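# A structural walkthrough
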Amino acid sequence: MTIMQFPTAWAKTDQEYLQKTQDTILEFQNDPLVNVWLAPHAPYTVTDSLFTSIREMSQKFDARVMCHIHETEPEVIESVKQHGMRPIERLDKLGLVNDKLLAVHCTQLTTEEIDLFAAKGVSVAHCPESNCKLASGICPANELITRGVNVCIGTDSVASNNELDMFGEMKMTAFLGKIACMKPEALPAAKVLSMATINGARATGQDKEIGSLEVGKSADLVAVNLESLFTVPVYDPISHIVYSVGRESVTDVWIRGKGMVRNKMLLCYDEEHLIHMAKKWGEQIHAHNSAKQ
């Protein structure tokens, strides 16, 4: 649940953000498909006192914390001016740098900060397409992994990414990982696929239940068509999944063994209704933005 020091349509005050977050945690605490996280937006939009309350709530409910951290160089520079320290040092002093933290973006890291993450068990969510679109920088994913940090792959939001395609994110992760260290062997396809699957499960604390195809784990599966005109011949399926396909190649999806997509058709949702609702919200957002101009 997003938390910040500014009023939004979701909440107007610190206390309202915290209360709504706690209420949501309690509402879904027994739902096997929903895990509620505390999501302070970023160090530059959350005060020390609010971060302290977030840490306390995380401890109380054993809830995980996700935060955009070191996304851009100006963010780091401004933190030094305002707080006398870089954001990661500030969060560490506030007790939030631990194995419950998922640090998103992380394009501006020192070797010492990487080692701190490794020592504290922090996971990093690499969002390559968003970082490219906003020219934020490049997350040193290969160095993070080499130094013992769990790195998974994210998309960021539609506001800075557009398509939210994990296949595209995998391909971009591999490309940026190589160019960042000028080593074509860096972040091979199998490693990138792991970042998108089991590493994500580790980052959410669910690697015993999801993230890989093993007996006893949840049957969360996707079927990918590698027999189309633009994917044959196939020499290495893993390389193909990372470099040659996109979400349009997914034909079937199962969640906990239940079929959700069959032959590219949604089984549990009315596709036409979803398209209608998306257009309706788009019109409302456009009208709202036009009225502000």
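See above for the structure.
Notes on the structure in this doc start here. (Residues numbered from 1 in each chain as written. Predicted model: local features only at pLDDT ≥ 70, side-chain atom pairs only at ≥ 80, totals over all residues. Heavy atoms only, no water.)

Tallying each qualifying case throughout the model produces one aromatic pair. Pairing phenylalanine 175 with tyrosine 243 gives two aromatic rings, centres 5.9 Å apart and planes at 25°, and the pair type is stacked. Note that phenylalanine 175 is positioned in helix α8 (residues 166-181) and tyrosine 243 in helix α11 (residues 237-243), a separation of 68 residues in sequence. Look at phenylalanine 175 and you get partly exposed, because its relative accessible area is 41%. (Phe/Tyr/Trp six-rings, centres within 6.5 Å; stacked < 30°, edge-to-face > 60°. Helix = DSSP H or I, 4+ residues; strand = E, 2+ residues; numbered from the N terminus. Buried < 20%, exposed > 50% of the residue type's maximum accessible area, 1.4 Å probe, protein only.)

So, about the state of the cysteines. Scanning the entire structure with this criterion turns up zero disulfides. Of all cysteine sulfurs in the structure, the one in cysteine 139 sits closest to cysteine 106, which takes part in no disulfide; the separation is 6.0 Å. (Disulfide = S-S within 2.5 Å.)

Among the surface-exposed residues, Ile138, Ile179 and Met182 lie close enough to one another that they form a single nonpolar patch of about 300 Å² accessible area. Structurally, isoleucine 138 is set in the loop between α6 (128-133) and α7 (141-146). (Patch = residues over 30% accessible without salt bridge, like charges linked within 9 Å, V, L, I, M, F, W, Y side chains within 5 Å. Areas by Shrake-Rupley, 256 points an atom, 1.4 Å probe, with all protein chains shown as cover. Salt bridge = Lys/Arg side-chain N within 4 Å of Asp/Glu carboxyl O.)

Reading across the sheet, the four strands line up as β7-β8-β9-β10 and stay open at both edges, with antiparallel pairing between neighbours. Each of the sheet's edge strands pairs with one partner strand only, and the pair in question is β7 (221-224) and β10 (265-266). Here three bridges tie strand β8 (residues 250-255) to strand β9 (residues 258-262), and the two strands are oriented antiparallel to one another. In the strand pairing of β9, valine 253 is matched with valine 261. (Pairing = 2+ DSSP bridges.)

Moving on to the pattern of salt bridges. Under the criterion given, the structure shown has seven salt bridges. With its nearest N and O atoms 2.6 Å apart, the salt bridge here joins glutamate 113 to arginine 86. Pair noted here: glutamate 113 is in helix α5 (residues 111-120) and arginine 86 is in the loop between α3 (73-83) and α4 (87-93), with a separation of 27 residues, a long-range link. Measuring nitrogen to oxygen at the nearest pair gives 3.3 Å for the salt bridge that ties glutamate 214 to lysine 217. Residue lysine 217 is classed as buried on the basis of its relative accessible area of 15%.

Here we come to helix α1 (residues 14-27). Turn by turn, an α-helix covers 3.6 residues, leaving residues three or four places apart pointing in a common direction. Here α1 spans 20 Å end to end across 14 residues, near enough to the 20 Å set by a 1.5 Å rise per residue. Close packing links the buried residues of α1 with β1 (2-3) and α2 (48-61). (Expected span 1.5 Å × (residues − 1). Contact = heavy atoms within 4.5 Å.)

A few words on the side chain of arginine 90. With respect to the helices and strands, the residue arginine 90 is situated in helix α4. Apart from residues lying up to four places away in sequence, arginine 90 is in contact with Pro43, Val46, Thr47, Asp48, Phe51, His83 and Met85.

Phe51, Ile54, Phe117, Val124 and Leu144 are the most contacted members of the largest nonpolar core, which has 51 residues in total. The dominant element in this core, judged by the number of residues it contributes, is α2, at four residues. Once residues lying within four places of it in the same chain are set aside, the contact partners of isoleucine 54 are Ile3, Leu18, Leu38, Pro40, Val46, Val65 and Leu96. (Core = buried A, V, L, I, M, F, W, Y, C linked by side-chain atoms within 4.5 Å.)

What follows covers the environment of glutamate 209. By the element assignment, glutamate 209 lies in the loop between α10 (198-203) and β7. For the pair glutamate 209 and valine 253, spaced 44 residues apart in sequence, the C-alpha separation works out to 17 Å.

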